[in-house]
Amino acid sequence: MLKFQTAGESHGQGLLAILSGLPAGLRIDFDYVNFELKRRMGGYGRGGRMKIESDSAQFLSGIRHGQTIGSPIAMLIENRDWSNWKDSMAVTDHPETRAKYKPLSPPRPGHADLAGCLKYNFRDARYVLERASARETAARVGIGALAKLFLREFGIEVASHVVAVGRVALPPQIVPFEVVLALRAKEDILLSCVDPAVEEKMKQEVDLATQDRDTVGGTFEVRARGVPPGLGACAQWDERLDGQLAQAIMSIQAVKGVEIGSAVENAAHFGSQVQDEIGYSREESRFTRKSNRAGGIEGGMTNGEEIIVRGFLKPISTLRRPLESVSFETREPVKAAYERSDVCVVPAAGVVGEAMAALILARAFLEKFGGDSIEETRRNYEGYMDQVRRY
Ligand SMILES: Cc1cc2nc3c(=O)[nH]c(=O)nc-3n(C[C@H](O)[C@H](O)[C@H](O)COP(=O)(O)O)c2cc1C
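Since we're looking at a predicted model, the values are computed, not measured.

What follows covers the packing of aromatic side chains. Any aromatic ring pair is given by two values, namely how distant the centres are and how the planes are angled relative to each other. Evaluated as defined, the whole model comprises 12 aromatic pairs. Measuring from centroid to centroid gives 5.2 Å for Phe 154 and Tyr 381, while their planes differ by 70 degrees, and the two rings are edge-to-face. Of this pair, Phe 154 sits in the loop between α7 (137-152) and β7 (157-165) while Tyr 381 sits in helix α14 (residues 374-390); the two residues are 227 residues apart in sequence, bridging distant segments of the chain. A single burial state applies to Phe 154 and to Tyr 381, both of which are buried. Considering the side-chain rings of Phe 365 and Tyr 381, the 5.4 Å spacing of their centres and the 35 degrees angle between planes classify their relative orientation as tilted. Of this pair, Phe 365 sits in helix α13 (residues 346-369) while Tyr 381 sits in helix α14, placing them 16 residues apart in sequence. Taken individually, Phe 365 and Tyr 381 each receive the classification buried, so the pair is uniform in this respect. Among the aromatic side chains, those forming a connected cluster through ring pairs are Phe 150, Phe 154, Phe 365, Phe 369, Tyr 381 and Tyr 384.

Okay, structure coming up:
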């Protein structure tokens, strides 16, 4: 079973992840992992923090001579900003330096500050936000890159693009997978939109938010091509792959909605307009679909079509023009705290979405095909694909 966890605070020494359950013999392309980390750091509307960091992954276990060995993979991404926060975020207690650091409050509406302070009984939201912060997603992207490398062994590719920033949206369409994938080759990520004219308008939307000392949300779409039919299950609620993907995407900071296929639009149409009619190609000996409104999942199982899942981000909550909050000390109305912050993170969230989708797909793939070595997984996979082709 593929399992993963992350640890680390936003301004702590670094971010850690442990990924266990990848079969032995998977060749790791370290440049690819670091490229993925770089992609997460990009995008128009990011704050000062991303200028400080230059993420790169160090692997401490589970890989030997460039290949996985079946043992848990431990990964560390150092925080460059740590050198500025050594005292403030010290693990050991030094009361004389501790007194220098002003607690972060009043709590920011929309952030984890108030809920976390009440839950953990702190008066300083720093204790909460350091972990709640999306800096944590660097760790997810690092191990997500390993999941992507695993999926690639079986011809599965995962990619993302941005379909909306604030009020500016790409017109409804299924963008060809190759076009989405081509965005990866771009040196500088602007807003990861496949249409340059729409992207320019998205940029203006970010500029408007920046000028107004505000923030802006949006929608990203993750796509996975080459996924075999039959991953996930219809047997139990928690085995349904659409539910697992929805949780994984929803777990990304600031994502408040998830859509699989064209679910939102489907809900407003009759069944005859929505279901993806089934055909058969004798040349390719496979079932075909005339459309893919289901986003590649039916009955909690992949159906062999492309996976399409969207994440809807709220505008991020730290505002240069702070909203109303309440002082912890006096209980009087005051303006919320401000902390260096991004204005728009939709492309970065898309990269995190790719990582989460890849981890969930890799887990479902290994649940179906198992294998302690890549060769064993491949044999099991090919045996099943042969069965599907002969069906
Ligand atoms: C890539 C990324 C970067 C983010 N950067 C910021 C940020 O700079 N400032 C901020 O207030 N929120 C930021 N967020 C969102 C917060 O982490 C998130 O809103 C907060 O932890 C509360 O969680 P929730 O919105 O999921 O309820 C970011 C989210 C993502 C995905």
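After presenting the structure, the write-up continues.
As a further point, take empty space enclosed by the protein. With the rule as written, the count across this model stands at 1 cavity of 30 Å³ or more. Here the largest cavity defines a volume of roughly 40 Å³. Lining the largest cavity are Arg 108, Pro 109, Ser 317, Leu 319, Pro 322, Leu 323, Ala 336 and Ala 337. Looking at the lining of the largest cavity, its residues break down into 6 nonpolar, 1 polar and 1 charged.

In this model helix α1 (residues 30-41) runs 17 Å from its N-terminal to its C-terminal C-alpha over 12 residues, within 8% of the 16 Å that 1.5 Å per residue would give. Among the residues of α1, those classed as buried are Tyr 32, Val 33, Glu 36, Leu 37, Arg 39, Arg 40 and Met 41. Summarising the contacts, the buried residues of α1 are in contact with α2 (49-52), β3 (57-61), β6 (73-78), α7, β7 and α13. The N-capping residue of α1, defined by a side-chain oxygen 3.1 Å from the backbone nitrogen of Asp 31, is Asp 29. Once α1 ends, the next one or two residues include Gly 43, with phi positive near 110 degrees.

One open sheet holds the 4 strands; their spatial order is β1-β2-β6-β3, and the pairing between them is antiparallel. The two strands at the open ends of the sheet, each matched to only one other strand, are β1 (3-7) and β3. Put simply, the sheet's adjacent strands are angled 20 degrees from each other on average, direction ignored. With 5 bridges connecting them, β1 and strand β2 (residues 14-20) associate as antiparallel partners. Of the residues in β2, the one forming a bridge with Thr 6 is Ala 17. Contacts from α1 reach β3 and β6, with the element oriented near 130 degrees to β3.

Okay, the site of the ligand next. Neighbouring the ligand are 16 residues, the closest being Lys 256, Lys 314, Thr 318, Ser 341 and Asp 342. One of the side-chain N or O atoms of Ser 341 is found 2.7 Å from a nitrogen atom in the ligand. Grouping the amino acids of the shell around the ligand by side-chain chemistry returns 7 nonpolar, 6 polar and 3 charged.

A separate point is the side chain of Glu 354. Mapped onto the fold, Glu 354 is located in helix α13. For Glu 354, the side chain forms a polar contact with the side chain of Lys 148, separated by 2.5 Å. Beyond its immediate chain neighbours, meaning those up to four positions away, Glu 354 contacts Glu 36, Arg 39, Lys 148, Val 158, Ala 159, Ser 160, Arg 184 and Val 222.

Reading guide: rules and limits
Residues numbered from 1 in each chain as written. Predicted model: local features only at pLDDT ≥ 70, side-chain atom pairs only at ≥ 80, totals over all residues. Heavy atoms only, no water. Phe/Tyr/Trp six-rings, centres within 6.5 Å; stacked < 30°, edge-to-face > 60°. Helix = DSSP H or I, 4+ residues; strand = E, 2+ residues; numbered from the N terminus. Buried < 20%, exposed > 50% of the residue type's maximum accessible area, 1.4 Å probe, protein only. 1 Å grid on protein atoms, 1.4 Å probe; cavity = no way out; pocket = protein on both sides within 12 Å on 5 of 7 lines; lining within 4 Å. Points joined across faces, edges and corners; volume = space filled by probe spheres on them. Nonpolar A, V, L, I, M, F, W, Y, C, P; charged D, E, K, R; others polar. Expected span 1.5 Å × (residues − 1). Contact = heavy atoms within 4.5 Å. Polar contact = N/O pair within 3.5 Å; in protein donor to acceptor, adjacent residues only side chain to side chain. Pairing = 2+ DSSP bridges. Axes fitted to C-alpha atoms, helices over the stretch in contact; angles between N-to-C directions. Near = heavy atom within 4 Å.

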